[in-house]
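A closer look at the structure
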Amino acid sequence: DVKVTQSSRYLVKRTGEKVFLECVQDMDHENMFWYRQDPGLGLRLIYFSYDVKMKEKGDIPEGYSVSREKKERFSLILESASTNQTSMYLCASRDMGTPNNEQFFGPGTRLTVL
Amino acid sequence: AQSVTQLDSQVPVFEEAPVELRCNYSSSVSVYLFWYVQYPNQGLQLLLKYLSGSTLVKGINGFEAEFNKSQTSFHLRKPSVHISDTAEYFCAASRDTDKLIFGTGTRLQVFP
């Protein structure tokens, strides 16, 4: 089974701090994704990565950056956290070779910015 | 632009009753369609998917969905729900791209 893990389940940070959210997958998937989930808004794509060192902006990239130095790891970075970035963050991965776009999700990180 | 609409934000239902969660997508070309479930404090888990072929798709935990191209719908159904089905359900679509477009979710609350 595909396993996608995220470094923290819960995280509390202060406004202005630099925050790193880590995601690791163990199935050699090329594609990886970061979403944020907010009530009434569903999942919105922040960034995704086709492969190592490749990244592309999603629908809401403002205030975020990403890093993909190794195939299995995709990091989401909040350069200067703000209270409106309090949310649930979900990481996902996908095998580029499958034709059906199925994505596999991690358990999520609930970030609170005070 | 392609979008996915889940018409009900919350669906309350009694245990052992049937349930339908509605999903409509906007597209005039072939799509891939998915239903994901999110149990409390967990990530998303795939329930079922439609790629092509039979329009009735069966998934895990007794759920099924029917692809209706003329109505651009992909409604999720279960004939008899259980307390453990209480969760949030997301419909998603993609069209030959690497990205999924999600609906806003439907919270299913099953009461004893």
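So, here's what we can say about the structure. (Residues numbered from 1 in each chain as written. Chains lettered and ligands numbered in written order. Predicted model: local features only at pLDDT ≥ 70, side-chain atom pairs only at ≥ 80, totals over all residues. Heavy atoms only, no water.)

**Observations regarding the pairing of strand β8 (residues 64-68) of chain B**
Residue and element names in this part refer to chain B. Our working rule: Only protein chains enter the area calculation, which uses a 1.4 Å probe; residues under 20% of their type maximum are buried, those over 50% are exposed, and those in between are partly exposed. Where helices and strands are cited, they refer to DSSP runs of H or I of at least four residues and of E of at least two residues respectively, numbered from the N terminus. Strand pairing is assigned whenever DSSP detects at least two bridges linking the two strands.
Here β8 shows a clear split, with Ala 65 and Phe 67 buried on one side and none of Glu 64, Glu 66 and Asn 68 buried on the other. Of the strand pairs in this sheet, strand β7 (residues 56-58) and β8 are connected by 3 bridges, and their pairing is antiparallel. Across the sheet, Lys 58 pairs through a bridge with Glu 64, a residue of β8. Pairing of β8 with strand β9 (residues 73-78), which is carried by 5 bridges, proceeds in the antiparallel orientation. Looking across to β9, one finds that Glu 66 is bridged to His 75. Here β8 folds back onto β9, and the loop between the two strands holds 4 residues, one of which, Thr 72, carries a positive phi near 45°.

**Brief notes about the pairing of strand β2 (residues 10-14) of chain B**
Residue and element names in this part refer to chain B. Here β2 shows a clear split, with Val 11 and Val 13 buried on one side and none of Gln 10, Pro 12 and Phe 14 buried on the other. Summarising the sheet, β2 and strand β12 (residues 106-111) pair through 5 bridges and their orientation is parallel. By the bridge assignment, Phe 14 is partnered in β12 with Phe 111.

**A short note on the pattern of salt bridges**
As a reminder, the rule being used: Whenever Lys or Arg places a side-chain nitrogen within 4 Å of a carboxyl oxygen from Asp or Glu, that contact is recorded as a salt bridge.
Going through the model one piece at a time under the given rule, you end up with 14 salt bridges over all chains. With its nearest N and O atoms 2.9 Å apart, the salt bridge here joins Arg 44 of chain A to Asp 38 of chain A. Of the residues examined, Asp 38 of chain A reaches a relative accessible area of 11% and is grouped as buried. Note that Lys 49 of chain B and Glu 102 of chain A form a salt bridge whose closest N and O atoms lie 2.9 Å from each other. Residue Lys 49 of chain B is found in strand β6 (residues 44-50), and its partner Glu 102 of chain A is found in the loop between β9 (87-94) and β10 (104-105); the two belong to separate chains.

**Considering the interface of chain B and chain A**
Going by this rule: The contact criterion used throughout is that any non-hydrogen atoms of two residues lie within 4.5 Å. Summed over both partners, the accessible surface that disappears when two parts come together, traced with a 1.4 Å probe, is what is meant by buried area. For this analysis, a polar contact is any N or O atom pair within 3.5 Å, provided that within protein one partner can donate a hydrogen and the other can accept it, and provided that sequence-adjacent residues contribute only side-chain to side-chain pairs.
At the junction of the two partners, chain B supplies 22 residues and chain A supplies 23 residues. Summed over both partners, the interface of chain B with chain A comes to about 1,800 Å²; 51% of that surface belongs to carbon and sulfur atoms. Our count for the chain B to chain A interface comes out at 5 residue pairs in polar contact (both at pLDDT 80 or more). Among the elements of the structure, β5 (32-38), β6 and β10 (87-94) of chain B are those that each provide at least two residues to the side of chain B that touches chain A.

**Re the packing of aromatic side chains**
Defined as follows: Working definition: rings of Phe, Tyr and Trp (its six-membered ring) pair if their centres are within 6.5 Å, and the pair is stacked with planes under 30 degrees apart, edge-to-face with planes over 60 apart, and tilted otherwise.
For the coordinates displayed, the defined rule picks out 14 aromatic pairs over all chains. The interplanar angle of 80° and the centroid separation of 6.1 Å between the aromatic rings of Phe 105 of chain A and Phe 102 of chain B together place this pair among those described as edge-to-face. Of this pair, Phe 105 of chain A sits in strand β10 while Phe 102 of chain B is found in strand β11 (residues 101-102), placing the two residues in two different chains. Note on accessibility: Phe 105 of chain A and Phe 102 of chain B belong to one class, buried. Ring centres of Phe 90 of chain B and Phe 102 of chain B lie 6.5 Å apart, and the angle between their planes is 85°; on these two criteria the pair is classed as edge-to-face.

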